[in-house]
Amino acid sequence: MKHLLKLLDLSKEEIIEILNLADQLKYENKNGIEHKLLAGKTLGMIFQKSSTRTRVSFETGMYQLGGQALFLSNRDLQIGRGEPVQDTARVLSRYLDGIMIRTFEQKEVEDLAEYGSIPIINGLTDFCHPCQVLADLMTIREHKGRLDDLKLTYIGDGNNMANSLIVGCLKVGMRVAIGCPDDYRPDPKVLEFAKEYGDKLLVTGDIMEAAKGADVVYTDVWTSMGEEAETEKRKIAFAGFQVNDELMSVTNEGCMVQHCLPAHREEEITAKVFEAHADEIFDEAENRLHAQKAVMVKLMSK
Ligand code: CP
Ligand code: NVA
């Protein structure tokens, strides 16, 4: 594994190795055991979109690993004034030991990897959010003790989160149901990938059908970053695509709720369900730190 561009590129074994290392780093972190595995290394973090969790967890993670992280905003970099990503990649490769990038197009992340010579980590694109799903899988395994054959139901937009959840969950042996409006289905490339998993993936407009027998219910905002102009249209399209008590009533006993955050209460999730599952949701947010430290160690410690 040279980069983390999308989960489609990883094998089941690579995903499980990251989760195992993440568990170990979390244990060490909680018990005051230092692990300066990236001493002297620098991660550049390019942000073309806002972030709370991704920025703070990567920056803190690098510090805990003995290295440092540089926050590089699109507003300040020459990339924001049109310097080609191919040139940026080759320049930054001469200074840094790794780059985390959050941007719009997946192609920009793939280009960085192609033209640069250091590990590239995708911190969210319109297509996918692999770091988030590694933290999600870590959290689910922590709470449930296993991943194999669990059913995850995702309610809402067939967006970057849905795309990455489908790929990540199917690869580790889970079943997935997506409850989404017809016009907001997951990316065709992801649905094509899922074909080899047969009926382990269900995509339906009927959210109660999707939620039946779920072990984990997941949701995300109706309007993602970059889609703000469609907010009102989306409120209409997604009305009813909500995680609430009625939906939870058809899930399995002990069903978890996960949300990548930020959450919009009374839109994709009720405040009541959110608060009832807040511990699971904030464990998930915490695990961004541990899972990403594992990714950075795997990619940057050589
Ligand atoms: N879940 C997530 O990626 O959060 P941020 O947008 O705050 O980084
Ligand atoms: N789908 C959301 C995820 C945020 C972490 C977005 O892209 O804005």
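Placed above this text is the structure.
A few points on the structure. This one's a predicted model, so the numbers in the text were calculated from it and none came from an experiment.

1. Topic: helix α3 (residues 85–95)
Inference 1: Every buried residue of α3 is listed here: Val 85, Thr 88, Ala 89, Leu 92 and Ser 93. Mapping the buried residues of α3 onto a view down its axis gives an arc of 130°, with all of them on the same face.
Inference 2: For α3, the elements touching its buried residues are β1 (42–47), β3 (98–102) and α4 (106–115).

2. A short note on the site of ligand 2
Inference 1: Neighbouring residues of ligand 2: Leu 124, His 129, Asn 159, Asn 160, Asp 220, Val 221, Ser 224, Met 225 and Leu 261.
Inference 2: At 2.6 Å, a side-chain N or O of Asp 220 approaches a nitrogen atom of ligand 2.
Inference 3: Its residues assigned to classes, the shell around ligand 2 shows four nonpolar, four polar and one charged.

3. Quick notes on the site of ligand 1
Inference 1: Taken together, Ser 51, Thr 52, Arg 53, Thr 54, Arg 102, His 129, Gln 132, Cys 260, Leu 261 and Arg 288 make up all the residues around ligand 1.
Inference 2: Between ligand 1 and Thr 54 there is a distance of 2.7 Å, counted from an oxygen atom to a side-chain nitrogen or oxygen.
Inference 3: One of the side-chain N or O atoms of Gln 132 is found 2.9 Å from a nitrogen atom in ligand 1.

Parameters and conventions
- Residues numbered from 1 in each chain as written.
- Chains lettered and ligands numbered in written order.
- Predicted model: local features only at pLDDT ≥ 70, side-chain atom pairs only at ≥ 80, totals over all residues.
- Heavy atoms only, no water.
- Buried < 20%, exposed > 50% of the residue type's maximum accessible area, 1.4 Å probe, protein only.
- Helix = DSSP H or I, 4+ residues; strand = E, 2+ residues; numbered from the N terminus.
- Arc of directions from axis to C-beta.
- Contact = heavy atoms within 4.5 Å.
- Near = heavy atom within 4 Å.
- Polar contact = N/O pair within 3.5 Å; in protein donor to acceptor, adjacent residues only side chain to side chain.
- Nonpolar A, V, L, I, M, F, W, Y, C, P; charged D, E, K, R; others polar.

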